Amino acid sequence: MELQETISALGIVPAHVKTAVLLSAIAYSTHVKADLDKHLPGWSLLWEGYETVDGNFGFIAADPTGELYGLAFRGSLPPSDIFKNWDAFANWILEDLDVISMATWHYTTYGMASISAGANRAFNNVASMKDRLRSGSSGIYNFLKTRVVSQNKRLIITGHSLGGNIANVYTSYFVTALQREGIRYDGTYLFTFAAPAAGDMAFATDLDNKVPNAWHYENVNDVIPKFPVVSTMIMASLLYVPSPSSEDIMIIYDGYQMSLRDGYLLLTGLLYSLGYMQQALHYVLFNTYLDTRYLHNTLTDYFNQLGAQHALAKYAGYLGVEVDAALLARSSMI
């Protein structure tokens, strides 16, 4: 964590990060081209995927010079009730995200790693995603290999929340797949915002080692990127003190009454043996103020505070990027 704190203190702003947070916001749009024109004038929408059965979505765009491309993932839109009751939240983490089981990840430089079964399913969804702009167009990998890699252009891969989780996994695949074809390319930039951990230490270390231009952003008051890493889930259980404090809020889970903090600890017990880990390279922590609308020791205020802290608006604000309020609202979970 020392490296993370040092980076935050220095206030380093890497090249392309402001563009990345805009691309991540546009991934939530229902009219990608219109929002691309509004927020990144001159950029061209080149590839737009069909939304998958699990709600995954991605698009590819290029800047006015044709030298910089962006691949942005939205990820799944969670059901609205996950921020209204603990049972729905816990089930979303354990079942819908499917972090309780893991899949072998073969796209590493050396050896193998593991990622969550949910991240693996999302990766397969986007890897096979079809382009809605042109019938018969190639998938993401072949499109990027032809239009970006072969022309030695630069590429941003990015996403917020579950979109960031997918961005991590897809970037790991993309870099290794090129290497295995004997293609040398070092133009990949990876930016994630509020992304839950996708895999174990082997996955995180491998990604750090093979993608030096990777930056990961976490609002300290955001619970979601602390999942499903046991050590940071324990930290999450201590947030928002003195209120809305998880220790002072009671819940019923699986028929048992307990504090919300005990609910967190129960989840850590289920995930302890799986060894999830976040990346270490360029992992930036920053602080934000609590939303003063949600400061009571109630479950409603707790989840509203959680949703407010997780919203992309916090990440765009930290980077000094202005995004249309209507577009930001689609990334909000309250």
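Residues numbered from 1 in each chain as written. Predicted model: local features only at pLDDT ≥ 70, side-chain atom pairs only at ≥ 80, totals over all residues. Heavy atoms only, no water.

**Observations concerning the packing of aromatic side chains**
What counts, and what does not: Note on aromatic contacts: the rings of Phe and Tyr and the six-membered ring of Trp form a pair at centre separations within 6.5 Å, being stacked when their planes are under 30 degrees apart, edge-to-face when over 60 apart, and tilted otherwise. The way it works is that DSSP assigns letters per residue, a run of H or I at least four long becomes a helix, a run of E at least two long becomes a strand, and they are numbered from the N terminus. Per-residue accessibility, obtained with a 1.4 Å probe over protein chains only, is compared with the maximum for each type, and a residue is labelled buried under 20%, exposed over 50%, and partly exposed between these values.
Summed over the entire model, instances satisfying the criterion amount to 23 aromatic pairs. Their ring planes at 20 degrees and their centres at 6.5 Å tell us that Tyr170 and Phe174 sit as a pair that is stacked. Of the two residues, Tyr170 and Phe174 both sit in helix α7 (residues 162-180), four residues apart, roughly one turn of that helix. The same class applies to Tyr170 and to Phe174, which are both buried. Here the aromatic rings of Phe286 and Tyr318 are separated by 4.1 Å at their centres, their planes lie at 15 degrees, and the arrangement is stacked. With Phe286 in strand β13 (residues 283-286) and Tyr318 in helix α12 (residues 312-318), this residue pair connects regions lying 32 residues apart in the sequence. A relative accessible area of 3% means that Phe286 is categorised as buried. For Tyr318, a relative accessible area of 33% gives the class partly exposed. Through pairs of rings, three or more aromatic residues link up here, namely Phe73, Trp105, Tyr107, Phe123, Tyr141, Tyr170, Tyr173, Phe174 and Phe203.

**Remarks on the nonpolar core**
Filter applied, for reference: For the purposes of this section, nonpolar cores are sets of buried Ala, Val, Leu, Ile, Met, Phe, Trp, Tyr and Cys residues that join through side-chain atoms within 4.5 Å. Whether two residues are in contact is decided by their heavy atoms: any pair within 4.5 Å suffices.
Grouped together as the largest cluster of nonpolar side chains are 39 residues, with contacts concentrated most on Leu71, Phe73, Leu144, Leu155, Tyr170 and Phe174. At nine residues, the largest contribution of residues to this core is made by α7. Not counting residues up to four positions away in its chain, the partners in contact with Tyr170 are Leu71, Phe73, Phe123, Val126, Ala127, Ile140 and Tyr141. Formed by 35 residues, the second largest nonpolar core is a distinct cluster that contains Leu40, Phe57, Tyr217 and Leu328.

**Side note on the pairing of strand β7 (residues 188-193)**
Condition: Two strands form a pair only when DSSP identifies at least two bridges running between them. The definition of a right-handed crossover adopted here requires that, viewed with the strands pointing away, the path from the first strand over the helix to the second runs clockwise.
Of all six residues making up β7, six are buried, and the element is well covered by its neighbours. Here β7 shows a buried face lined by Thr188, Leu190 and Thr192 and a second buried face lined by Tyr189, Phe191 and Phe193. Here strand β6 (residues 154-160) runs beside β7; their pairing, made up of six bridges, is parallel. Its bridge partner being in β7, Ile157 is matched across the sheet by Leu190. Taken together, β6, α7 and β7 constitute a β-α-β crossover, and its handedness is right-handed. Bridge count between β7 and strand β9 (residues 214-219): four bridges; the pairing is parallel. Looking across to β9, one finds that Leu190 is bridged to Ala214.

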